[in-house]
Amino acid sequence: MLYPLSYEGWSPAGYRSGHCSGGGLVDGRVCNTEPAMNEQLEFPTGFLWGAATASYQIEGGARDGGRGESVWDVFSHTEGKVAHGHNGDVACDHYHRFDDDIAMMADLGLQTYRFSISWSRVLPEGRGRVNREGVDFYQRLVDQLLAHGIVPCPTLFHWDLPQGLEEIGGFRNRDTVSWFGDYAALMARELGDRVHMWSTFNEPWCYAYLGHAAGVHAPGLTDPHAAVTVAHHELLAHGLAVQTMRAERDDLRLGIVINPSNIVSETTRPADDGQIRLIDAIHNRWWFDAIFRGHYPADLLDSYGPLADAIQPGDLDTISQPLDWLGINYYFDIIVRGLDHDDDATRRMLAYPTVHGVTEADEAEIHTDMGWPITPDGLTELLVRLRDDYPDLPPIHITENGCAYDDPVIGGRCSDPRRIDYLDRHLRAIKDAIDAGVDIRGYYQWSLMDNFEWALGYDKRFGLVHIDFDTLVRTPRDSAYWYRDVIRHNGLVERRTGAQ
Ligand code: IFM
């Protein structure tokens, strides 16, 4: 039996006992496994179309303009942490080439651009001294975007914590919460007259668990207590930042970006259900319950016990600030084959990031270069379920969605039909969710260009634009021109590839 683990109040039993085909409704839910690729689909008027990147993944300029070190500089320069010893010192050199990159975005018709601010570029030590050159960089970036009619959407924290703060405990240290609040207020003062749409954190689950439990991301710890503490402090910092930014200006549209996933179990052992439910709580409910209900999931708190001792009275009030929008990053459903019943909470959490597997005989066999299954149905299901489970949800923007494929440039052109297919399927899934009544206002493809894919280095290519990392030449792929058509038509037209 195959079923997605539920959010609270949703019964998994009998929900999805197999993958649907041919579109339509299965058990009352929207299902679009085999989209009608040539069917035209129009999105709601005013829907925003964009692409996303993050500071450490594209900027480079690591030693330029007074930037301070981040945890990712230290991690990537530590032997054995990143594939091939790659690092973000140069990356796409966007720090020096942003003018041209923005002209390229305009050529591709982007209406909005999601990027992140490098905290250590504007505050080299993470607190105290402001680096004017760093602030100026982001002011020029924003001014150029606006000059090209592109709506800027910055994220304040996409994992590159200033190393100075890491040395005094990083997000394990409760003081970092207030330093983040100060940083957020500074950015609201410096950019808030021109930038209205902000997110505080990107994928806080990744920073907490990949960085502090699995140890595969910076800062590279394998300490479950640290991971849970960071998961809490990130949310507390988010809530505080919303307060400090609103105190600076009342015209900002503030949100947070979470990466939820359906947890799909294919295990037949009933004894697995409780553990899978906890995995769902770690990945999904922890974040949404805290922000939109003002409490953490009781089952997870019970399981964590003393691991969650960072939570103090009043914290959840700070965390559950009303938001103007919610960012959802979606790549794939997490499909669990089986679990070790002898795990204690600590070992289970450490094991968690590696438990996703794939089913054997369905569309999930199709993988991207990340080894991730392709599960567009899951996106519709997830969005509908979020809407059902959290009635006070603000409008949603899909802030990341995309796939890694290493299609080469041949004769100046890069044909990438698999990316077009992936994006087409996921846009149809989003449209299904909109038709089912979910309030979705925008879509950011990940990523504008190939970039530093964290511990996997530069081999995993997510870009609409191919980067030659020797010459830094940019070549828009066929998918970039396809996406330009999507934007022009505010939706999907008949499928076509190639530069137009
Ligand atoms: O590259 C990352 C990004 O930084 C965060 N979301 C997932 C992407 C692909 O792994």
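A brief report on the enclosed structure follows. Quick caveat, the model's predicted, so the values are computed rather than measured.

### Description of the overall build of the protein chain
Along the backbone of the protein chain there are 16 helices and 18 strands. By residue count, 64% of the 500 residues in the protein chain fall in the buried class. In the protein chain, once contacts between residues fewer than 6 apart in sequence are set aside, the share between residues at least 24 apart is 75%. Within the structure as shown, the protein chain displays about 16,900 Å² of accessible surface, and the carbon and sulfur contribution to it stands at 48%.

### What to know about the site of the ligand
As a matter of local geometry, the ligand sits amid Gln-57, His-158, Trp-159, Asn-202, Glu-203, Tyr-331, Trp-372, Glu-400, Trp-446, Glu-453, Trp-454 and Phe-462. Between the ligand and Gln-57, the relevant distance is 2.7 Å, taken from an oxygen atom to a side-chain nitrogen or oxygen of the residue. Within the contact set of the ligand, an oxygen atom lies 2.6 Å away from a side-chain nitrogen or oxygen of Glu-453. Relative to its unbound accessible area of 280 Å², the ligand is 94% covered by the protein chains. Looking at the shell around the ligand, its residues break down into 6 nonpolar, 3 polar and 3 charged.

### Considerations on the pairing of strand β8 (residues 197-202)
The element β8 is largely enclosed, with a buried count of 6 among its 6 residues. Pairing geometry for strand β7 (residues 151-157) and β8, over 2 bridges, is parallel. Bridge pairing in β8 links Thr-155 to Ser-199. Two strands pair when backbone bridges link them, and β8 and strand β9 (residues 253-258) are joined in this way by 4 bridges, in the parallel orientation. Considered in β9, the bridge of Asn-202 is made with Val-257.

### Here we look at the side chain of Ser-447
By the element assignment, Ser-447 lies in the loop between β15 (440-446) and β16 (465-467). The class for Ser-447 is buried, based on a relative accessible area of 0%. Discounting chain neighbours no more than four positions away, the residues touching Ser-447 are Ala-52, Thr-53, Phe-462, Gly-463 and Leu-464.

### Thoughts on the pattern of salt bridges
What the rule picks out here adds up to 31 salt bridges. Arg-132 is the salt-bridge partner of Asp-136, the closest N and O atoms lying 3.8 Å from each other. Of this pair, Asp-136 and Arg-132 both sit in helix α5 (residues 132-147), 4 residues apart, roughly one helical turn. Take Asp-136: its relative accessible area is 32%, and that puts it in the partly exposed class.

### A look at unusual backbone geometry
A cis geometry characterises the amide bond from Ala-218 onward to Pro-219, with omega recorded as 5 degrees. For the bond running from Trp-446 to Ser-447, omega is 10 degrees, close enough to zero to count as cis. One non-glycine residue with positive phi stands out, namely Ala-91, at about 45 degrees. You can see Ala-91 is positioned in the loop between α2 (71-76) and α3 (94-107).

### With respect to the nonpolar core
Nonpolar side chains in soluble globular proteins tend to be buried together. Core analysis: the biggest nonpolar cluster contains 151 residues, and Trp-72, Ile-117, Phe-171, Phe-180, Trp-198, Tyr-209 and Ile-440 have the highest contact counts within it. The biggest single contributor to this core is helix α10 (residues 272-293), with 11 residues.

### A few points about the sheet that holds strand β14 (residues 396-400)
Strand order around the closed barrel formed by 8 strands is β5-β6-β7-β8-β9-β11-β14-β15, with parallel pairing between neighbours. Pairs of neighbouring strands in the sheet enclose a mean axial angle of 25 degrees, with direction left out of account. Running at roughly 165 degrees to β15, helix α15 (residues 417-435) makes contact with β5 (48-52), β14 and β15 of the sheet.

### Digging into α3
A rise of 1.5 Å per residue sets the reference length of α3, with its 14 residues, at 20 Å; its end C-alpha atoms lie only 17 Å apart and thus fall more than 12% short of the reference. The sharpest bend along α3 reaches about 40 degrees and sits at Asp-100. When we look at burial in α3, the residues that qualify are His-94, Tyr-95, Phe-98, Asp-101, Ile-102, Met-104 and Met-105. Tucked inside the fold, the buried residues of α3 contact α1 (55-58), β6 (112-116), α4 (119-122), α5, β16 and β17 (474-476). Two residues or fewer past α3, Gly-109 is found with a positive phi of approximately 80 degrees.

So, how was this worked out
Residues numbered from 1 in each chain as written. Predicted model: local features only at pLDDT ≥ 70, side-chain atom pairs only at ≥ 80, totals over all residues. Heavy atoms only, no water. Helix = DSSP H or I, 4+ residues; strand = E, 2+ residues; numbered from the N terminus. Buried < 20%, exposed > 50% of the residue type's maximum accessible area, 1.4 Å probe, protein only. Contact = heavy atoms within 4.5 Å. Areas by Shrake-Rupley, 256 points an atom, 1.4 Å probe, with all protein chains shown as cover. Near = heavy atom within 4 Å. Polar contact = N/O pair within 3.5 Å; in protein donor to acceptor, adjacent residues only side chain to side chain. Nonpolar A, V, L, I, M, F, W, Y, C, P; charged D, E, K, R; others polar. Pairing = 2+ DSSP bridges. Salt bridge = Lys/Arg side-chain N within 4 Å of Asp/Glu carboxyl O. Core = buried A, V, L, I, M, F, W, Y, C linked by side-chain atoms within 4.5 Å. Axes fitted to C-alpha atoms, helices over the stretch in contact; angles between N-to-C directions. Expected span 1.5 Å × (residues − 1). Bend = angle between axes of the 7 residues up to and from the residue.

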